Structure formats: C-alpha cells, structure tokens
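These are the residues of each chain, in order.
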Amino acid sequence: MSDTASTEVKRSSFLVGRPLLYFTSCFVSLGCFLFGFDQGVMSALIPNPWFKDFFDQPSSTEIGTMVSVLEIGALISSLAVGRIGDILGRKRTIFWGAVIFVIGGALQTFCPTYNVMIAGRVVAGLGVGMLSTIVPVYQSEISPAHDRGRLACIEFTGNIIGYASSVWIDYACSYIESDYSWRLPLLMQCVMGGILAIGATVIPESPRWLLDHNHDEEGMIVLANFYGGGDPRNDMARSEFRDIKETVIQMHAEGERSYAEMFRRYKTRLFIAMSSQAFAQLNGINVISYYCPLVFEQAGWVGRDAILMTGFNGLIYVASTILPWYVIDSWGRRPILLSGAIIMCISLSAIAYFIKIDVSYTPTFVVGLVIIYNAAFGYSWGPVPWLLPSEVLPLSVRARGASLSTAVNWLTNWYIGISTPILQERIGFWLYIILALSCAVSAVVVAMFYPETKGLALEDMDDLFGDQSVAPTPRGAESQSLFDAGERDSEANVTGAANQLGAAEPPDDEQILKYLQEQSRRTDLSAIFDRLRGVQQQQQSTDNSDGPASPDERSSLLAHDRSK
C-alpha cells in the first residue's frame, strides 16, 4: 500500500485502534448494565407500597421467589450459551440475548398478575444469562494483554452503573401515586435492552472466533482495525493474526472439544473459573444488592429512607469500581482479590455485631459498614471473577467453560436470592457471620490456588498452567481461506516446513480484496452505500480487469471498507 493511500485510510477512519476498542468495550458493557439494572430495580421495588398492594402484600417466600426466579432462567441459558456462542458467534449471541431480555422486561412491565411477573422474570433471566456469559468472553477476545484487565473492569463498572441508576429511578418514581411508580422503572430496562440489540448488529465480531471458524479475511480486517490503525499490512496486526491462528491450528489438530476433555485436561483452570464466580456470590454481595433496602430497614431505616440510603450506597459502589481500572494490570489479580476478601470479612462481621446489639447508633454504623463492604467488593470480587474465566480458559473451550462458571454464579445467585429474606427472619445477624466466613475461605483459596495472570496474552496461558498442546502442527490446508478453497485442497498433501509455516500466515491483499467484493455483492445495503459513495465503479473496473487488481485499486477498496 502506498504512503498516500495509507495516509488517506487513517484520515477517513476515526474508529480504529484504541478509540474502536474502548467504544466497543463500553458499548457491550450495556449487557452488564442490564444485569445490574435488574438487580437494583427489584431491590428498590420491594418496599414500594403500590407494588406491595398490587401483588396483595407478598410474603417473604413470594418476594424471594420473585427476585430469585430470574436466576433460574439465567442458569438455563448460561449452560446453553457456550455452545450457542461457538455456533452463532459472539456478536449474534449478544444480539439475541438483548432481544430476549427486552421481551422479558416487557412482560414484567405490563404484567396483570403475579404469575405473569414470574414468567417475565424467567424470560429476562434467559437473556441475562446469555449476556453475562458471552459479553466477558467477547471482551477478553478483543482486548490486548496489557489492557485486558482494565477493559474487564470497565465492563463491571457498567454493571454497577446499571444497579445505581435503577435505585435512583426507583426513588424518583416512588413519589408517583399509582402503579406507574413501579412499572416505569421496569420499562426502562426494555429501552436499554433495545439499544444494545440495535448496536449488536454493527459491532465487529470477535477476531478469535472468526479465525477459529476459518473466516481469515474478515478476521484480518478486524485485527487491523483494532491493532493496526485500520491497515491490514500493519506488522502488529499480522503478528497478532499469526499468534491466534497458530493456537487455532494446534487446537483443531487435537480433535473435538468435549466437556469430558475439558474437565480432564483443564481442571485447574475450571476450578479457578468456577470457584471465583461462586465466591463472588457466597461472599454476600447479593444479600446487599437484592435486599439492601431490607438490610437498612433491619438496621432502622424505614420506607423511602431505606431506598434513599440504597441510592447513596450505589453511588459510592460505582466510584469504587473505578480504582481497578488503573491498578489491575499493575498490581495483579491476586493482591486485589486477597485485600478485598479481608476488608469484606471485617465489614460483614461488624455489621453482624451492630445489628445484634441494636442500639441508637446501629442504623448509622450499618450504613457506613455496608458502604465499606460494597466498595471493597466493587474493586475486587466484583470485576475480577468476570475476568478470570475468559482469561484463563483456552480458546477451544472458552465459551463452554465460561458458560459453566457463569452457571455456577447463577446457581449460587439463585440460592442467595431465595434464601436471604427467610434467613433474615430466622437467624438475623448470624447471616452476616456466615457470609464473613465465606470471605475468609475465599482468601485462603486465592492464596493457595490462583496464579497471577497479569500481562499475559491469552495464548500464553498454556505455559502458565503447564497444560499446553502436544499435538503436531497441522498442514496449511487447516487454515484455508474462505476463498480459493479448491486450489488449496489440491495442495493439501504437500509436506515440509514451508507448508507448516504458511498455515498461520495472514491472508494477502488478493484474498482480502475477494472477501470485500463478495461482501458487497452479498449485501444489498452495502451495495447501495457503495454506489452513493462512488465505490461501485472501482469494484466493477476491478472485476472486469483481465489480471489481478493493482496495488492502488486494492488500497482504494481496503480504504473504503475501513471507512464504512
């Protein structure tokens, strides 16, 4: 590509490199925003008198069922989405997760009975389970090693912004003297889900998924946009392509990726992924998140004041999630988890003590301790367990392993949701002692079993865990392009080092050009944009030429694609 063409590309493409990476990461964090919003919206609706009257003063068991039944749907979909994400791709799975969530939100918003509300919660849970599994996988697969922790923490901040936003929306709507006081907050989750569904149609697909499915040309273009300033000839982008493709080729040589093989070979990685997600719930966060107003009422705050205290708690919770943006890739994962577990253990123990003694200053101290607890969780056991599964698991089982770890999260989440109001009634302050013990156990597990993963590329985790592949490097035909498949099949029997080295080479300009032309012919909307922008003539002149496209023609078409 000529220097002039290269300069033109950089000028015509704004969203490449870090702007594209951060925009995409922040946008898909809407999936986590929806989960956080749903947590907060239900917690603040529980003390709403209009909500209680509409559902005929529900018992603690009915409230627990209403809150926790979302986890049943999420558990089901999180187990299935590993396979779905491998088949459909990451972005289409995000799209359908958002659509299903909107349907569930609509059922909740317009529910005429308790049973319809339960059905809406289950459907919304199906969407949340899909999003909470696939978004972290997508996030890890588009992120460079030195920024992966930060981007995962930004994703979690989106979750907590959703939680805090819903509480303040509930508080504002609590002044409405009708059923709209609880229906409007539920409607807001439909709006946000719709925005995510629309945006999921235009975000780039995961380059690792593309290369895993032999979409090499599209994968090269995505990598160029993320790492090469939009230039497919960029050395960094091509090096990233080779690293990923070599891992994919090796993975394919090992054969079918079954759950049995995953448990046999990657048991240490799965233990880290699943235990981190379990402790994230067993350490007590959803006792606070789902039932924060009830916790404050138990401590002495009543009615709307309990929601107001929950709102202030949410703001500090959001602020606490910003700290790991700047330290997770320098301090590392282990120190953050260990320090967070210790602070949470102390806070929960103190909460139990002040609820037990029940004196005049108990409400004030409990609010302060809940805020400290949430801040400790927000910078440690909040973001890191969503990062670790997608980080430590290899590409061959990443979606399936992440689905299992997320299923563990939802299973423990369901248990916490359904048991908390009952345990608060029956054992009182002892509930917080149990949660404090869980925090202590989690610190021991991290110290003994979790290795440090900061700064490592996803393809380097094999060396860290010592379970790297021993399969021979397959032949070049293994990584064939979407085009020229017939020509490459004829060369499949060629042996030697040259063929092995070529297996992971990025597609050349001719292959990328064919891919772009095929996409223009295949997509009517793209062809309309081409005509409006004067590109159709370039493609026609290239198609009608007797020989291969000239460098200038290739550069022009590549520049057009990156500027779209």
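Definitions and cut-offs
Sequence order as written defines the numbering, with residues in each chain counted from 1. Per-residue local features of the predicted model are confined to residues with pLDDT of at least 70, and side-chain atom pairs are confined, for both listing and counting, to 80 or more; whole-chain, interface and lining totals are unaffected and use all residues. Excluding hydrogens and water, the side-chain values take into account all heavy atoms of the structure. Put simply, DSSP marks the helices as runs of H or I at least four residues long and the strands as runs of E at least two long, and each gets a number from the N terminus on. Burial here depends on accessible area, computed with a 1.4 Å probe over protein chains only, as a share of the maximum for the residue type. Under 20% is buried, over 50% is exposed, and the range in between is partly exposed. Here a residue-residue contact requires only that any non-hydrogen atoms of the pair lie within 4.5 Å. When two cysteine sulfur atoms are found within 2.5 Å, that pair is recorded as a disulfide. A side-chain nitrogen of Lys or Arg and a carboxyl oxygen of Asp or Glu constitute a salt bridge if their distance falls within 4 Å. Only the contacting stretch of a helix is used when fitting its axis, a line to C-alpha atoms as for every element, and angles between N-to-C directions run 0 to 180 degrees. Throughout this description, any angle smaller than 35 degrees is read as roughly parallel, any larger than 145 degrees as roughly antiparallel, any in the 65 to 115 degree range as roughly perpendicular, and the remainder as oblique. Patch members must show over 30% relative accessible area and no salt bridge, and they are joined within 9 Å when carrying like charges or within 5 Å when they are nonpolar side chains of Val, Leu, Ile, Met, Phe, Trp or Tyr. Areas reported here follow the Shrake-Rupley algorithm with a probe of radius 1.4 Å; residue values treat only the protein chains shown as occluding. We treat Lys and Arg as the positive residues and Asp and Glu as the negative residues; His and chain ends play no part in the count. Each charge is placed at NZ for Lys, CZ for Arg, CG for Asp and CD for Glu. For a crossing to be left-handed, the near helix must be turned anticlockwise from the far one by less than a right angle; the clockwise case is right-handed. Points on a 1 Å grid over protein atoms alone make up a cavity when a 1.4 Å probe fits among them but cannot get out, and a pocket when they form an open set with protein on both sides within 12 Å along at least five of seven lines; lining residues each have an atom within 4 Å of a point. Grid points are joined across faces, edges and corners, and a volume is the space filled by probe spheres set on the points. Side-chain classes follow a simple rule in which Ala, Val, Leu, Ile, Met, Phe, Trp, Tyr, Cys and Pro form the nonpolar group, Asp, Glu, Lys and Arg form the charged group, and the remainder, Gly included, forms the polar group. What counts as a ring pair is set by centres within 6.5 Å for rings of Phe, Tyr and Trp (its six-membered ring), and what kind of pair is set by the plane angle: stacked under 30 degrees, edge-to-face over 60, tilted for all other angles. The pLDDT value tells you how sure the predictor is about a given residue, anywhere from 0 up to 100.

### Digging into the overall build of the protein chain
Point 1. Scanning the protein chain from N- to C-terminus turns up 29 helices and zero strands.
Point 2. Counting all 564 residues of the protein chain, 58% fall into the buried class.
Point 3. For the protein chain, restricting intrachain contacts to residue pairs at least 6 apart in sequence, the fraction spanning at least 24 positions comes to 83%.

### Things to note about the state of the cysteines
Point 1. Evaluation of the coordinates by the stated rule reveals zero disulfides.
Point 2. No disulfide involves C439; its sulfur sits 5.9 Å from the nearest other cysteine sulfur, which is in C345.

### Section: the pattern of salt bridges
Two side chains carrying opposite charge are able to pair once their charged atoms lie near each other.
Point 1. Enumeration according to the criterion identifies eight salt bridges in this entry.
Point 2. D38 is the partner of R121 in a salt bridge, and the nearest nitrogen-oxygen pair spans 2.7 Å. On the criterion of sequence distance, the pair formed by R121 in helix α7 (residues 114–142) and D38 in helix α3 (residues 30–45) is long-range, its members being 83 residues apart. The same class applies to R121 and to D38, which are both buried.
Point 3. In this structure, the salt-bridge partner of D216 is K245, at a minimum N-O distance of 3.0 Å. In this pair, D216 sits in helix α11 (residues 216–227) while K245 sits in helix α12 (residues 235–253), placing the two residues 29 residues apart along the sequence. When sorted by exposure, D216 lands in the same class as K245, which is buried.
Point 4. Each of D86, R90, E141 and R400 takes part in one network of salt bridges that share partners.

### Let's talk about the packing of helix α17 (residues 323–331) against helix α18 (residues 333–357)
Point 1. Where α17 meets α18, the closest approach of the two axes is 7 Å, and the angle between their N-to-C directions is 120 degrees. Between α17 and α18, the angle is such that the two are oblique. Seen from α17, the contacting residues are V327, I328, D329 and W331; seen from α18, they are R333, P335 and I336.

### Thoughts on a negative patch on the surface
Point 1. Taken together, the side chains of D243, E246, D460 and D463 define an acidic patch exposed on the protein surface.
Point 2. Note on placement: D460 falls in the loop between α22 (430–449) and α23 (461–465).
Point 3. We classify D460 as partly exposed; its relative accessible area is 35%.

### Brief notes about the packing of helix α8 (residues 148–173) against helix α16 (residues 304–320)
Point 1. At their nearest, the axes of α8 and α16 sit 9 Å apart, and the two run at 155 degrees to each other. Looking at the two axes, α8 sits roughly antiparallel to α16. Crossing angle aside, the handedness with which α8 passes α16 is left-handed. Along its contact with α8, which presents F156, I160, I161, Y163, A164, V167, W168 and Y171, the element α16 presents R304, I307, L308, T310, G311, F312, N313, G314, L315, Y317 and V318.

### Quick look at unusual backbone geometry
Point 1. Phi at Q57 takes a positive value of approximately 50 degrees, unusual for a residue other than glycine.
Point 2. As for its position among the elements, Q57 is in the loop between α4 (49–54) and α5 (60–88).
Point 3. With phi around 65 degrees, N214 is a residue other than glycine that occupies positive phi space.
Point 4. Take N214: it is sitting in the loop between α10 (207–212) and α11.

### Concerning the side chain of D38
Point 1. Using a relative accessible area of 1% as the deciding quantity, one classes D38 as buried.
Point 2. Residues in contact with D38, not counting those within four places in the same chain, are L70, Q108, R121 and Q189.

### Focus: the environment of I346
Point 1. Mapping I346 onto the fold places it in helix α18.
Point 2. Relative accessible area serves as the criterion here: at 56%, I346 is assigned to the exposed category.
Point 3. Linking I346 and I372, residues 26 residues apart in sequence, is a C-alpha distance of 9.8 Å.

### With respect to empty space enclosed by the protein
In this approach, a probe sized like a water molecule rolls over the atoms, and the result shows the empty space that is left.
Point 1. As enumerated under the stated definition, the model contains four cavities of 30 Å³ or more in all.
Point 2. Within this model, the largest cavity holds a volume of roughly 120 Å³.
Point 3. What lines the largest cavity is a set of 16 residues, among which F35, Q39, F156, N159 and F377 lie closest to the centre.
Point 4. Those elements giving two or more residues to the lining of the largest cavity turn out to be α3, α8, α14 (267–282) and α15 (285–299).
Point 5. Considering each element in turn, the lining of the largest cavity owes the most residues, four residues, to α8.
Point 6. Taken together, the residues of the lining of the largest cavity break down into ten nonpolar, six polar and no charged.

### Quick look at the packing of aromatic side chains
Point 1. Scanning the entire structure with this criterion turns up 23 aromatic pairs.
Point 2. Relative to Y317, the ring of Y163 has its centre 5.9 Å away and its plane inclined at 75 degrees; by these criteria the two rings are edge-to-face. Of this pair, Y163 sits in helix α8 while Y317 sits in helix α16, and the two are 154 residues apart along the sequence.
Point 3. Looking at Y163, the relative accessible area reads 1%, which means it is buried.

### Things to note about the confidence of the model for the protein chain
Point 1. In this model, the protein chain carries a mean pLDDT of 77, and residues with pLDDT of at least 70 account for 77%.
Point 2. A low-confidence stretch, residues 1–13 (pLDDT under 50), is modelled with 20 contacts involving residues beyond four sequence positions or located in other chains.
Point 3. Counting contacts from residues 470–501, a segment whose pLDDT is below 50, to residues more than four positions away or on other chains yields 52 contacts.

### Focus: a nonpolar patch on the surface
Point 1. Taken together, the side chains of F110, Y180, L184, L187, M188, V191 and I195 make up a nonpolar region of the molecular surface, amounting to roughly 650 Å² of accessible area.
Point 2. Structurally, the position occupied by M188 is in helix α9 (residues 180–199).
Point 3. Under the relative-accessibility criterion, M188 is labelled partly exposed at 33%.

### Examining the environment of P389
Point 1. Looking at where P389 falls in the secondary structure, it is placed in helix α20 (residues 384–392).
Point 2. Beyond its immediate chain neighbours, meaning those up to four positions away, P389 contacts A273, S276, Q277 and S405.

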